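Residues per chain, in single letters:
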Protein chains: 2
Amino acid sequence: MLESLHARLPGKVSERAADLEQHSADETAALRRPPAAVVFATDRHDVVTALAWSQETRTPVIPYGAGTSAEGHIVPLGGEIALDLSGMDRVLAVCPEDFLAVAQPGVTRTALNRAVAGEGLLFPVDPGADASIGGMAATNASGTTTVRYGGMRSNVLALEAVLPGGKVIRCGRGVRKTSSGYDLKDLFVGSAGTLAVFTELTVALHPQPAHVHAQRLVFGTVAGAVAAATAMMASALPVARLELVDTLSMRAVNRHLGTDYPESPALFVEMHCSSEAALDSEAEEVAALAWDSGVLKVASARTAADRAALWSARHQLFFAVKALYPERRYLITDTAVPLSQVAEMVRVTEKEADALGLDVVIAGHVADGNVHTIVPVAPEQADRAREFSDLLVEHALSVGGTATGEHGIGVAKKKYLRLEHGDAVDVMTAVKAAIDPLGLLNPGKILDLPR
Amino acid sequence: MLESLHARLPGKVSERAADLEQHSADETAALRRPPAAVVFATDRHDVVTALAWSQETRTPVIPYGAGTSAEGHIVPLGGEIALDLSGMDRVLAVCPEDFLAVAQPGVTRTALNRAVAGEGLLFPVDPGADASIGGMAATNASGTTTVRYGGMRSNVLALEAVLPGGKVIRCGRGVRKTSSGYDLKDLFVGSAGTLAVFTELTVALHPQPAHVHAQRLVFGTVAGAVAAATAMMASALPVARLELVDTLSMRAVNRHLGTDYPESPALFVEMHCSSEAALDSEAEEVAALAWDSGVLKVASARTAADRAALWSARHQLFFAVKALYPERRYLITDTAVPLSQVAEMVRVTEKEADALGLDVVIAGHVADGNVHTIVPVAPEQADRAREFSDLLVEHALSVGGTATGEHGIGVAKKKYLRLEHGDAVDVMTAVKAAIDPLGLLNPGKILDLPR
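Where an unreviewed UniProt entry is consulted, chain A appears under the name D-lactate dehydrogenase (cytochrome), with the organism given as Streptomyces monticola. Word for word, the UniProt comment on chain A under Cofactor (unreviewed entry) is "FAD".

Shown next as structure tokens:
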């Protein structure tokens, strides 16, 4: 059967062990299984051909971007072809006057930003990893700047997508707003390759901020840090990043970097300001809000170099954990809760980690209520780590939150879908059945078709 | 058959002529037809009962909010029951620390704002009319503040919705971000009552701006005004409203209000600033950008009273047109185009209006490329008005825009759906068939089920 795939896509299909291996796992590495073959697509026609062949032979397909998913999204479950889009890596158009760009799915976010920086523009969604734009759309990625600029749903304006069987459609338009027909664009964003394969994305661009200042605010307690964060969100301050880091995170960073940061909960705040004149008053207002919430120490930074240094404790955290706990698997939880529930979420996290004997660090996007826990997991801790993750999700759901703020459901979180969404899962299943009745696109991810 | 409806919902079903009349048309008044009856729902159970009865008797239902739709969304096409949700008008919860509120669908946007203002918060989506929150979600409404705060898709976090037949589901969560399962929430927002009836909405709230300033900038040409608008969008200025008004609009306002505004294209700009210190430098920057684009005159306003006076020319426009052309129907076009296409769109609009002998004024949300034309239509002009609308949509689509930036497809714009979306319409139809196979919810709006 694979002979016919080779014949339809000569030179673009690989069964080499190294290629199969590379497409057998994502960042979680908890699941690992090679695909039957890898198709390296270089244009839309390759994708159409692959999906037509998929339908004719009833062979499922998994779209693959940069492989940085965190919940097993791109891991084969048995018999699938991996459809690698990383070779579709051209930025097709940059339209500065329209504040948009058109990119192929394999373009990484850093490549996209290099392509638009010269126009004074930026593509703001920053999930940490240098993910592909297509993959980011597939998971509705977000990150540190979402508080200001939104995530992928806000920043993907239109998609060209190939449906199971190979039909090409376009969803959305390259404009800032539309109320025209059903919003298929947002249905497809976050669908993790289970409804369609993206072959072109029209994304929004934003002006690079004129003036940026950053502050690190050290608190005695997480509750104080969250209170300050809430006050900032209630103000008119132009918050662009607002990150919470816990005591154990700061300790890990100090050990790894040899620094001497206070080992206490901290907020990392960044403002994108309209004018030099605003900088001083905004920085003062941040400090004032922080004093009202019991801040112990305020450090500020204005130049790019100083800001990079200030942010390093937050940005180096994952490396610090890896250095302190080498050769582990790293579970990263991803719940999001209403802002008023963040302090309690952190307390529950610390309590459960302690009860299960797990070392954890807690850090994340407090403004969005999406605070991650990083758990270095030794093999003998695997069951406890899973239980820990379940407990956090159950708690988050019980207070109105979500099982996954950014990473998506993938395989690992399928068990939470009905707990979170109840009967809406039946509507999701009906939509999947309507669009992919044969279950050819990334089967077993997010949800299952009824048998 | 209606007897069984009366029996299931005693005291809540009306066949009175006045009620039928009130539910027979929307703001366009181009189409008018009474429903078979009106159900006045006061709680979710009424909605469930009505939709269960609808399925049992195969009677279609049209959800009705405040009746301010503009494309015939709520006009019966024959035999439907109107399901009036205006009596479900309670704000159920205001959660200031979570920046969200929970409201029934019949709450109007002004009532919602009254409920949250005391907390220093606002619900920013402002489509002009005092529409219901449910109706605004159904059409993905936006308006003057979308440039800063987004439209309904950005501001509706979660929905409780009743499906055809009466099953209740919840879509989305009351958090700022989620990547959990398919985005049914955004599929339902903008679906105009054709997929589900909303019985509860969780909406995002924003801090009221601390400092606001407004400017009216008069230009010699539309091209100059658009160039200035583009420069503002490319800057770091905290633009919150950015409206374009044409020469004929200013003339109409002068005649109606007896004012003496320059009769020339103008931009109305509003900034929501973080600090007093920023105000001066931002106002100066706006003026500087405007001078670079050939502004003739700059007027500024800071106090609430002065800003209201400055904005009156924009806000009074529709009344001015109605006063100058009484007893007409008023066609309001709603195309949106990429920003670089706005000046040409205005030129095409003026040219076609002239060729068809129609008086028009042009004004709207230039930052979003969504500039409306208001056409007072005398009966003998009806065909020409329709042709005018068609020409504008065709032009907008040809340059990558959309047939409808805000108002939706309804009935009047169904003919454009395939021109705009191509084969994606088949996916929309498949989704509709999956969720409403009997075609019981607002049939004939947006699209048609295959026979």
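What follows concerns the sheet that holds strand S3 (residues 61-64) of chain B. Residues and elements named next belong to chain B. With respect to topology, four strands assemble into an open sheet ordered S1-S2-S4-S3, the strand pairing being mixed. The two strands at the open ends of the sheet, each matched to only one other strand, are strand S1 (13-14) and S3. With four bridges joining them, strand S2 (residues 37-40) and strand S4 (residues 81-84) adopt parallel strand pairing. From the neighbouring strand, Ala37 faces S4, where its bridge partner is Ile81. Here helix H3 (residues 44-57) sits on the sheet in contact with S2, S3 and S4, set at roughly 165 degrees to S4.

Between two aromatic rings, the relevant description is the distance of the centres plus the angle of the planes. All names here are of chain A. A complete count under the given rule lists four aromatic pairs over all chains for this structure. When the ring of Phe318 is compared with that of Tyr330, the centres are 5.8 Å apart and the planes differ by 85 degrees; the resulting orientation is edge-to-face. Highlighted residues: Phe318 in helix H13 (residues 317-324) and Tyr330 in strand S16 (residues 329-332), separated in sequence by twelve residues. By relative accessible area, which is 24% here, Phe318 ends up partly exposed.

Further remarks concern the confidence of the model for chain A. With 100% of its residues at a pLDDT of 70 or more, chain A shows a mean pLDDT of 95. Here the predicted complex scores 0.96 on pTM and 0.96 on ipTM.

The next point concerns the relation of the copies chain B and chain A. Its rotation angle being 180 degrees, the transformation that places chain B on chain A also includes 0.0 Å of axial translation and leaves an RMSD of 0.0 Å. Such a turn and shift between the copies fits a two-fold axis. Within chain B, the C-alpha atom positioned nearest to the axis of rotation is that of Ala278 of chain B, 2.4 Å from it. Interface overlap between copies is the fraction of interface residues in one copy that are interface residues in the other; for chain B against chain A it reaches 100%, indicating a shared surface.

A separate point is the UniProt feature "domain: FAD-binding PCMH-type" (unreviewed entry) in chain A. Annotation from UniProt places "domain: FAD-binding PCMH-type" (unreviewed entry) at residues 31-208 of chain A. The distance separating the terminal C-alpha atoms of residues 31-208 of chain A is 39 Å; by composition the span is 24% helix and 25% strand.

Once that is clear, we can look at the sheet that holds strand S5 (residues 91-95) of chain B. All names here are of chain B. Spatial ordering of the open sheet is given by S5-S6-S10-S8-S9, a layout of five strands whose pairing is antiparallel. Here the strands that pair on one side only, and so sit at the sheet edges, are S5 and strand S9 (168-172). The sheet shows a mean angle of 15 degrees between the axes of neighbouring strands, taken without regard to direction. One ladder, built from four bridges, connects S5 with strand S6 (residues 100-103); its direction is antiparallel. Note that in S6 the partner of Cys95 across the bridge is Leu100. Packing against the sheet, helix H4 (residues 109-117) makes contact with S5, S6 and strand S10 (197-204), and its axis sits at approximately 40 degrees to S5.

A separate point is the side chain of Thr333 of chain B. Checked against the element boundaries, Thr333 of chain B lands in the loop between strand S16 (329-332) and helix H14 (342-355). Look past the residues within four positions of Thr333 of chain B in its chain and what remains in contact with it is His372, Thr373, Phe388 and Leu392 of chain B.

With that out of the way, let us pick up unusual backbone geometry. One non-glycine residue, Glu327 of chain B, lies in the positive phi region at around 60 degrees. Relative to the helices and strands, Glu327 of chain B resides in the loop between helix H13 (317-324) and S16.

Here we take up the nonpolar core. Ranked by internal contacts, the top residues of the largest apolar core, which has 178 residues, are Phe188, Met232 and Leu267 of chain A together with Phe188, Met232 and Leu267 of chain B. Ignoring any residue separated from it by four or fewer positions in sequence, one finds Phe188 of chain B in contact with Ala137, Leu159, Ala161, Leu163, Ile169, Cys171, Leu195, Ala196, Phe198 and Ile435 of chain B.

Reports of interface size often rely on the accessible area that becomes lost once the parts have come together. Residues and elements named next belong to chain A. Under the domain assignment, chain A is made up of domain 1 (2-84), domain 2 (93-207), domain 3 (211-318) and domain 4 (325-419). A C-alpha centroid distance of 27 Å is found between domain 2 and domain 4. Opposite the eight residues of domain 2 that make contact, domain 4 presents six residues. Buried surface at the junction of domain 2 and domain 4, both sides included, amounts to about 450 Å², of which 46% is carbon and sulfur. Scanning the region where domain 2 abuts domain 4 turns up two residue pairs in polar contact (both at pLDDT 80 or more). For the side of domain 2 that touches domain 4, the per-class residue count stands at two nonpolar, six polar and no charged.

Listed per partner, the contact involves 84 residues of chain B and 84 residues of chain A. Of the roughly 6,500 Å² buried at the junction of chain B and chain A (both faces included), carbon and sulfur atoms supply 57%. Three residues, Arg173, Lys177 and Tyr182 of chain B, lead the burial of chain B against chain A; their summed loss comes to 15% of the area buried on that side. Measuring nitrogen to oxygen at the nearest pair gives 3.3 Å for the salt bridge that ties Asp426 of chain B to Lys167 of chain A. Connecting chain B to chain A are 44 residue pairs in polar contact (both at pLDDT 80 or more). Listed by contribution, the elements that provide at least two residues to the side of chain B that touches chain A are helix H6 (146-149), S9, helix H8 (184-188), helix H9 (222-234), helix H11 (276-292), helix H16 (417-421) and helix H17 (424-435) of chain B. For the side of chain B that touches chain A, the leading source of residues is H17 of chain B, giving nine residues. Taken together, the residues of the side of chain B that touches chain A sort by class into 37 nonpolar, 29 polar and 18 charged.

Another point: the pattern of salt bridges. For the structure on display, the rule yields 58 salt bridges over all chains. Between Asp423 of chain B and Arg418 of chain B there is a salt bridge whose closest N-O contact spans 3.9 Å. Look at Asp423 of chain B and you get partly exposed, because its relative accessible area is 34%. Three or more residues are tied together by salt bridges with common partners; here these are Arg44, Glu160, Arg170 and Glu200 of chain A.

With that settled, the discussion passes to helix H17 (residues 424-435) of chain A. Over its twelve residues, H17 of chain A extends 17 Å from the first C-alpha to the last, a length consistent with the 16 Å expected when each residue adds 1.5 Å. Here H17 of chain A has its buried residues at Ala424, Val425, Val427, Met428, Thr429, Val431, Lys432 and Ile435 of chain A. At its buried positions, H17 of chain A is contacted by helix H8 (184-188) and helix H16 (417-421) of chain A together with S9, H8 and H17 of chain B.

Rules of the game
Residues numbered from 1 in each chain as written. Chains lettered and ligands numbered in written order. Predicted model: local features only at pLDDT ≥ 70, side-chain atom pairs only at ≥ 80, totals over all residues. Heavy atoms only, no water. UniProt positions renumbered as here; feature names shortened; annotations may be inferred. Pairing = 2+ DSSP bridges. Helix = DSSP H or I, 4+ residues; strand = E, 2+ residues; numbered from the N terminus. Contact = heavy atoms within 4.5 Å. Axes fitted to C-alpha atoms, helices over the stretch in contact; angles between N-to-C directions. Phe/Tyr/Trp six-rings, centres within 6.5 Å; stacked < 30°, edge-to-face > 60°. Buried < 20%, exposed > 50% of the residue type's maximum accessible area, 1.4 Å probe, protein only. pLDDT = per-residue confidence, 0-100. Least-squares fit on C-alpha atoms with pLDDT ≥ 70 in both. Core = buried A, V, L, I, M, F, W, Y, C linked by side-chain atoms within 4.5 Å. Domains from an automatic or database assignment. Buried area = accessible area lost by both parts, 1.4 Å probe. Polar contact = N/O pair within 3.5 Å; in protein donor to acceptor, adjacent residues only side chain to side chain. Nonpolar A, V, L, I, M, F, W, Y, C, P; charged D, E, K, R; others polar. Salt bridge = Lys/Arg side-chain N within 4 Å of Asp/Glu carboxyl O. Expected span 1.5 Å × (residues − 1).

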